[in-house]
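Listed here are the chains, written in short residue letters.
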Amino acid sequence: MSTAATSFPERNAAEVADLVLTSEAAPPEVLARRVRQRRQMYLGQVVSYSLGASVLLIYAYDGAVHMNVPSLFWVGGLLIIGIFVVMSEAGVGDKRTDHYLTVFQISAHMALQFIFLVSVPTIGIAFISVLFLIFAFGTLRMTSAQAMLTWALASAALAAVFLGSDLPIGMPVATRLQRTASMLCFMLVIGQCAFLGLFGATLRKILYRRSIELKDAYQRIEELAELDELTGSFNRRCIMRLLDAEMENSRQASAPCAIALIDLDWFKRINDAHGHPVGDEVLRTFAITIFANIRPDDRFGRYGGEEFLLLLPGTASEAASRTLDRLRSIVAELDWSAFSPGMHVTISAGVVTLRDNDTADTFLARADSALYSAKAQGRNRIATS
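Values in this document were obtained by computation on a predicted structure and should not be read as measured data.

Caption draft 1: Geometry of the overall build of the chain. Helix and strand counts for the chain come out as 12 helices and five strands. Rg of the C-alpha trace for the chain: 37 Å, well past the compact-globule value of 21 Å for 385 residues, more than 25% over. If one aligns the C-alpha atoms of the chain with their principal axes, the spans along those axes are about 110 × 50 × 35 Å. Expressed as a percentage of its 385 residues, the buried residues of the chain come to 45%. Nonlocal contacts in the chain, meaning residues at least 24 apart in sequence, comprise 72% of its contacts between residues at least 6 apart. Total accessible area computed for the chain in this model is approximately 19,400 Å², and 61% of it derives from carbon and sulfur atoms. Here the chain holds 35 positive side-chain charges and 37 negative ones, and the gap between their average locations is 5 Å.

See the structure below:
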């Protein structure tokens, strides 16, 4: 005749999903949400006991049970609910992993059903049917160990009732009113079980959706871990890993591969003259410009400070030089005066292609040597090696 089901399954299932995905050190907003959810659950229990008592009242009106049974059943249910409400408001459950105190609630509600089963066996099937509803609620929140414990307690009590006594457990259907009450009893239990099923299905959908969101968030975190925070280009660790991969792919496919080590000319002077915030904006603008003018297969990353590494897979020496010279011209022709009147930014680059005996270190060393040569020749130029 009672259930621990909560109302508004969609919203409550969403809140349960939040709690499942929340660490034990719950913040205040989570604790407040837990209290709100428990209040809704207890309100649902009050409604359920009230409906159950109404069915018992029909039996009592027909004379199948004493008139005190409905009121005692209702008061007993409210007493159990009241105890757990007090514990909830005192925050007792918040100190436990299962803040609903599910095992204790189920045990208390089962005990009440067995008390009335023994006291009023002529309508005992009505109370036994409620056990299914109680366990339907419990399965939403219990661990396997808790489920086994409560099942063992229920089994022991049922064995004592059926095997240890000769109580005439039944369901009266002698009159039209009794049949109506019996029908309503089963209809209420089935309806509340369906409600709990809806709650569980909604919870599963929300948890699945949250798992997808967590997967996307984790993927985003991985992406952010590979990106330079300032420029949005790959960071050094990532671009070095991509360099190793491109070298391996080039050798397996017997295809050319070129890299360019790019440096912003006189960047320290920009920082000294205009300040680091302006220098940061220059780096961002430079990175955006490069991204907008390279192929989708090219890889661009911050090698360190104002130095950047550009990977050009499938690109031979002459094509790589032309590509870098085009990028150099684009950067030089930008209107940098938006950052500071008279500002002019140029780049120098060292371009090299992969050789059979190159390692990543020697490959980069040759690019660095070419970059040094470009700077020695006056900057704002491309050099090869």
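After that view, the rundown keeps rolling.
Caption draft 2: Expanded view of helix α5 (residues 124-138). The terminal C-alpha atoms of α5, which comprises 15 residues, lie 22 Å apart, in line with the 21 Å expected from a rise of 1.5 Å per residue. Restricting attention to buried positions, one finds in α5 the residues Gly124, Ala126, Phe127, Ile128, Ser129, Val130, Leu131, Leu133, Ile134, Phe135, Phe137 and Gly138.

Caption draft 3: Broad picture of the environment of Phe286. Looking at the element boundaries, Phe286 is found in helix α10 (residues 276-292). The class for Phe286 is buried, based on a relative accessible area of 1%. Along the sequence, Phe286 and Ile347 sit 61 residues apart, while their C-alpha atoms lie 9.5 Å from each other.

Caption draft 4: Highlighting the pairing of strand β4 (residues 347-353). Here β4 lies mainly inside the structure; six of its seven residues are buried. Sheet topology note: the strand β1 (residues 257-264)/β4 ladder contains seven bridges and is antiparallel. Directly across from Leu264, in β4, lies its bridge partner Ile347. Crossover handedness for the path β4 to helix α12 (residues 360-376) to strand β5 (residues 382-384): left-handed.

Caption draft 5: The pattern of salt bridges, seen in detail. Enumeration according to the criterion identifies nine salt bridges in this entry. Measuring nitrogen to oxygen at the nearest pair gives 3.3 Å for the salt bridge that ties Asp228 to Arg302. Remark: Arg302 occurs in strand β2 (residues 299-304) and Asp228 occurs in the loop between α7 (176-226) and α8 (236-253); sequence separation between them is 74 residues. On the basis of relative accessibility, which here comes to 17%, the residue Arg302 falls in the buried class. Glu281 is the partner of Arg284 in a salt bridge, and the nearest nitrogen-oxygen pair spans 2.4 Å. Of the two residues, Arg284 and Glu281 both sit in helix α10, three residues apart, roughly one turn of that helix. Glu281 gets classed as partly exposed once you look at its relative accessible area, which sits at 34%.

Caption draft 6: View of the packing of helix α2 (residues 28-62) against helix α3 (residues 68-89). Relative to each other, α2 and α3 sit at 175 degrees, their axes nearing to 8 Å. With respect to α3, the element α2 is oriented roughly antiparallel. For the contact of α2 with α3, the residue count by class is 16 nonpolar, five polar and three charged.

About the criteria used
Residues numbered from 1 in each chain as written. Predicted model: local features only at pLDDT ≥ 70, side-chain atom pairs only at ≥ 80, totals over all residues. Heavy atoms only, no water. Helix = DSSP H or I, 4+ residues; strand = E, 2+ residues; numbered from the N terminus. Rg over C-alpha atoms; globule rule 2.2 N^0.38 Å. Buried < 20%, exposed > 50% of the residue type's maximum accessible area, 1.4 Å probe, protein only. Contact = heavy atoms within 4.5 Å. Areas by Shrake-Rupley, 256 points an atom, 1.4 Å probe, with all protein chains shown as cover. Lys, Arg positive; Asp, Glu negative; His and termini not counted. Charge placed at Lys NZ, Arg CZ, Asp CG, Glu CD. Expected span 1.5 Å × (residues − 1). Pairing = 2+ DSSP bridges. Right-handed = clockwise from strand over helix to strand, strands pointing away. Salt bridge = Lys/Arg side-chain N within 4 Å of Asp/Glu carboxyl O. Axes fitted to C-alpha atoms, helices over the stretch in contact; angles between N-to-C directions. Parallel < 35°, antiparallel > 145°, perpendicular 65-115°, else oblique. Nonpolar A, V, L, I, M, F, W, Y, C, P; charged D, E, K, R; others polar.

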